[in-house]
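What follows is each chain in one-letter form.
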Amino acid sequence: MIDFLLEANKKKDEILRDIAQLCQIPSVLDPTTATTGAPFGVACREALDCMLEIGKRDGFECDNVDGYAGHIDIGTGKETLGILGHLDVVPVNHEGWSTPPFEMVEKDGILYGRGVADDKGPLIAAYYAAKIVNELLPNPKLKMRIIFGCDEENGSSCMKYYFTKQPFPDMGFTPDADFPVVYGEKALAHYHLRGDIPQDNIIGIYGGVAANVVSEHCEAYVQGSYKQYKETFKAYLKEHSLNGSIEEEGNHTKFNIIGKAAHASTPDEGISAIVYLCHYLATISSNELVKFIDQYFYKDTHGKKLELMERGQMGVTTTNIGILHYKDGYVNSVVDFRLPHELSETELNSAISHAVQPLGLEIDYNYTPALFNDPKGEYIQTLHQAYVDLTGDTENQPQAIGGGTYAKTMPNCVAFGCQFPGKDHKMHQNDEEISIDDLIKACAIYAKAIYDLNQI
Ligand SMILES: [Zn+2]
């Protein structure tokens, strides 16, 4: 019986050294320095070169695919297991970090720095897991191909490009989400709605920052003196326990509501400022846009009124009107939909067209299909069992999520770790962190899973 935790612990110093090296590179998307061979800017290219150097140093075959992504091949074998991680990171705030963000700092067994958890740390943990298996298994069935891209945070164009130049591995996982294992990711669609809608008494409405975020702020400008709205609006804020304000601005009135931001895949954790403001505006205006939003989105984050509510094996449909911009009678809005695989793109499209048709708006959309792997199938079961063996946790089961990972870029791929249940790595936030123990345990789980996949 191999003690994978012991094996992973033997690699601890090397793992930390390599993560530290990658974290020094501020590999944030930078179109201003993009060139041929560095499509996402020089820093992303530098991170790619650094990872390729690590593979070469260890004596493996490496390949760079035009600066979009690269791979390291470990071992031989007829079938290929792909391990997909990313080297790009999201930007950092200039204030709010307790340590220099582009430096891996260790304090009391915790690593801090941009990328330690998303996704440089987990990528290195998985790389060492493959190395461990390579050392332990003389005639592996699976070749391990570590694939790393440079544009995951901005749409994964890196991996899409990579797979136009390289074959799909037979199966794969991406260490860029949660343990135990993610067997499903909902379909994702962003609908852009644009066009003219008569103003009635609405001068403008502005809310939201991104399609995939529940709007925290929304303001509206309405004709008429603030005296006529003051009482009802204040009562409305109180009734719904909302923060907001109403002000007189010349001969019109400015309304403002502060909601609560949340990721669009979990809209119930937020409070949509756009929806709550439109719900109020619908009581003081006959504007068709306001009525549309009120009708289809108020107290409905699951597409019930659009007839898109579906509670499938992956959970329930979610909807989020992330951006609303309405000025001079012209609307520009983006709505985020996440759908279980039981709902088709055609069903989604016809429901949206039906609802939007009376407004006469122009619709265009982008759609990424759902990913669904049988949670009872051998592949998911093997990964899950490796997690159970190393943690003893039989309570947390394979799950489905609303977010999208690299797993959607190739067939037979799932997200696998490395955030443990109950942990918060503060990804995309100040003071991103991961504990050394969790990283080493993740490495051991990956090694056990890869080892066991070789025995099937
Ligand atoms: Zn990530």
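Everything numeric here is computed off the predicted structure, so don't read it as measured data. Note on numbering: residues in each chain are counted from 1, in written sequence order. Confidence filtering applies because this is a predicted model: local features only for residues at pLDDT of at least 70, side-chain atom pairs given and counted only at 80 or more, and all residues used for totals across whole chains, interfaces and linings. Side-chain calculation: all heavy atoms of the structure are included, whereas hydrogens and water are not.

### Section: unusual backbone geometry
What counts, and what does not: Each helix is a run of DSSP H or I of at least 4 residues and each strand a run of E of at least 2, with the numbering of both proceeding from the N terminus. Each residue gets one of three labels from its accessible area relative to the maximum for its type: buried under 20%, exposed over 50%, partly exposed in between, using a 1.4 Å probe on protein chains only.
The residue after Asp118, namely Asp119, is reached through a cis peptide bond having omega 5°. Secondary-structure assignment places Asp119 in the loop between strand S5 (110–112) and helix H4 (120–136). A positive phi is found at His428, a non-glycine position, where the angle reads about 65°. For His428, the position within the fold is in the loop between strand S23 (418–419) and strand S24 (433–435). According to the relative accessible area criterion, His428 is partly exposed, its value standing at 45%.

### Describing the pairing of strand S17 (residues 318–327)
To keep it simple, the criterion reads: Here a strand pair is declared whenever DSSP counts at least two bridges between the two strands.
Along S17, seven of the 10 residues are buried, which leaves the element largely enclosed by surrounding structure. Alignment of S17 against strand S18 (residues 330–339), held across nine bridges, turns out to be antiparallel. Directly across from Lys327, in S18, lies its bridge partner Tyr330. Hairpin connection between S17 and S18: a loop of two residues separates the two successive antiparallel strands, and Asp328 in this loop has a positive phi of roughly 50°.

### Here we look at the coordination of the zinc ion
As a reminder of what qualifies: In this analysis a donor is any N, O or S atom within 2.8 Å of a metal ion (3.2 Å for sodium, potassium and calcium), and since water is not included, sites may seem incomplete. A four-donor site is called tetrahedral if each angle lies between 85 and 135 degrees; a four-donor site is square planar, and a six-donor site octahedral, when trans pairs exceed 155 degrees and the remaining angles lie between 65 and 115; all other cases are labelled irregular.
Listed as protein donors to the zinc ion are His86 (NE2), Asp118 (OD), Asp176 (OD) and Asp176 (OD); their distances from the metal cover 1.9 to 2.6 Å. Its four donor atoms give the zinc ion angles of 53 to 142° at the centre, a pattern that matches the irregular case. Donor residues binding the zinc ion come from one chain and are separated in sequence as H-x31-D-x57-D. Taken together, the positions of Asp118 in the loop between S5 and H4 and Asp176 in the loop between strand S7 (171–174) and strand S8 (177–178) put the pair 58 residues apart, joining distant regions of the chain. Residue Asp118 shares its accessibility class with Asp176, and that shared class is buried.

### Digging into the sheet that holds S24
The test is simple: With axes taken as lines fitted to C-alpha atoms, and helix axes fitted only over the stretch in contact, angles between N-to-C directions fall between 0 and 180 degrees. The contact definition used throughout considers only heavy atoms, calling two residues in contact when any of these lie within 4.5 Å.
Across the sheet, which stays open at both edges, the three strands sit in the order S4-S5-S24 with antiparallel pairing between neighbours. Two strands close off the open sheet at either side, each with one partner strand: strand S4 (105–107) and S24. Between one strand axis and the next, the sheet turns by 25° as a mean value, whatever way the strands run. With three bridges joining them, S5 and S24 adopt antiparallel strand pairing. The residue bridging Ile110 from the neighbouring strand is Ser435, located in S24. Contacting S4, S5 and S24, helix H11 (residues 436–453) runs over the sheet at an angle of about 70° to S24.

### Digging into the packing of H4 against H11
For clarity, the cut-off: In this scheme, roughly parallel covers angles under 35 degrees and roughly antiparallel covers those over 145, while 65 to 115 is roughly perpendicular and the rest are oblique. Left-handed describes a crossing whose near helix is turned anticlockwise from the far helix by less than a right angle; the clockwise case is right-handed.
The interhelical angle for the contact between H4 and H11, taken along N-to-C directions, is 45°, at an axis separation of 8 Å. The angle between H4 and H11 places the two elements in the oblique class. Crossing of H4 over H11 shows right-handed handedness. On the side of H4, the interface is formed by Gly121, Pro122, Ala125, Ala126, Tyr128, Ala129, Ala130, Ile132, Val133 and Leu136, while H11 contributes Leu439, Cys443, Tyr446, Ala447, Ile450 and Tyr451.

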